[in-house]
Amino acid sequence: MNQQEEKQEQILVGIAGQDRPGVTASVTEILARYDAQILDIGQADIHSTLSLGILFRIKERLSGQVMKELLFKATELNINIDFKPVTDEEYEEWVNQQGKNRYILTVIGRDLSAKQVAVASRAIRDQGLNIDSIIRLTGRRSLLHPERNVRACIEFSMRGTPHSLAEMQSQLMQMSGELAFDFSIQRDNMFRRMRRLICFDMDSTLIQTECIDELAMRAGVGDKVKAITESAMRGEIDFKESFRQRVELLKGLDASVMREIAETMPITEGAERLMSVLKRYGYKIAILSGGFTYFGQYLQRKFNIDYMYANELEIGEDGKLTGRYIGDIVDGQRKAELLKLIAQVEKVDLAQTIAVGDGANDLPMLSIAGLGIAFHAKPRVVANAKQAINTIGLDGVLYFLGFKDSYMNM
């Protein structure tokens, strides 16, 4: 160091107390008068209680006067303040830690208890990760009107290299089932912040029914088709073969019933909010369905969806279903191919894509998407997916993307 340079030191100041406008301004104005360099700053507000930390570097001969003025200001504002010197070595160690891997753990539930937060925190600790920050993504819940906000979500920002992400995933998956919460673990990188394309399964994902089962009930073969559907979704039989079998059973059904089914399809909780927010923020949206084009097109018009791929039923000249289909079957492999194709057309990296589905035929697209989410899915799908939503509606996807309620209500 040049001998003519004045010696400097680092001081970490911590401030806590009742939050009010102007606290941060008052503190930083004092630091500015002494030409202090701010090395780090962070602030949180929990139930109108402020926690503010500032690490600053200042000429050693001025530090005493600065701390004196800060103490006077703290007394004036009726807040608590403390100081901690930080050596050059301690600061450099902190700087070196910033290059470590960063992860985001999102935890969602209808409500969040201390048990659920403790499980998440323990999983973080067991992996040797450090929590940098915890933020709430959902609005505060009303005690007088709890029905107004029936979801709770917090996001942990973590730093470090986990011992085993798979082990952490398994630990949280087991506990999430027991304690009724959902979670997502993601690398905190630029792709996570720049998702651009989202692909949805339709039946039992965007809508709370299987359209082929609805058709089958009207054709009088409901039990037969439902049994085949459930077996296929569990992955017990080949999807293409199960599809052929089910479509054949629909032969002779009047095609006009499809309109009635479409107009009464139960839309999944949270779907309308999800679609509205995604469109507002410029996401490209696709339906990739093993169901039928008639119903997919209905949802495409309803939600202004960009892409829709499904299976087309053949209709005879008499206006009845022939028991056959037109074109290639959209099965699990085809869904994955279509996701890749749309990403290529939209010039979107696969890491920027999201896939949401519930059945075994959704696993291929869930596995290749940057973020694959099993939604109220079958056990086999949940076991193979890295993220799952089982406790709340489809708009829970937004919290995995980092959206806060305040963004969505603008």
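The present account deals with the structure reproduced in this document. (Residues numbered from 1 in each chain as written. Predicted model: local features only at pLDDT ≥ 70, side-chain atom pairs only at ≥ 80, totals over all residues. Heavy atoms only, no water.)

## Digging into the packing of aromatic side chains
Enumeration over the complete set of coordinates arrives at six aromatic pairs. Look at Y294 and F295: their rings are 5.7 Å apart centre to centre, the planes differ by 75 degrees, and that puts the pair in the edge-to-face class. A relative accessible area of 31% places Y294 in the partly exposed class. Within the aromatic cluster, the residues linked to one another by ring pairs are F239, F243, F292 and Y325. A cation over a ring is seen here: R196 above Y283, with NZ or CZ 5.1 Å from the ring centre. (Phe/Tyr/Trp six-rings, centres within 6.5 Å; stacked < 30°, edge-to-face > 60°. Buried < 20%, exposed > 50% of the residue type's maximum accessible area, 1.4 Å probe, protein only. Lys NZ or Arg CZ within 6 Å of the ring centre and 35° of its normal.)

## Things to note about helix α12 (residues 293–303)
Residue pairs three or four apart in sequence face the same way in an α-helix, which turns once every 3.6 residues. Buried within α12 we find T293, F295, G296, L299 and F303. All buried residues of α12 fall inside an arc of 160 degrees around its axis, so they share one side. Buried residues along α12 sit in contact with α7 (211–219), α10 (257–263), α11 (271–280), β10 (284–292) and β11 (307–315). Looking one or two places after α12, you find N304, whose phi comes out positive at around 55 degrees. (Helix = DSSP H or I, 4+ residues; strand = E, 2+ residues; numbered from the N terminus. Arc of directions from axis to C-beta. Contact = heavy atoms within 4.5 Å.)

## Thoughts on the side chain of S231
Locating S231 in the fold gives a position in helix α8 (residues 222–233). For S231, the residues in contact, after removing those within four places along its chain, are E236 and I237.

Such coordinate-based values are descriptive only and should not be taken to indicate function.
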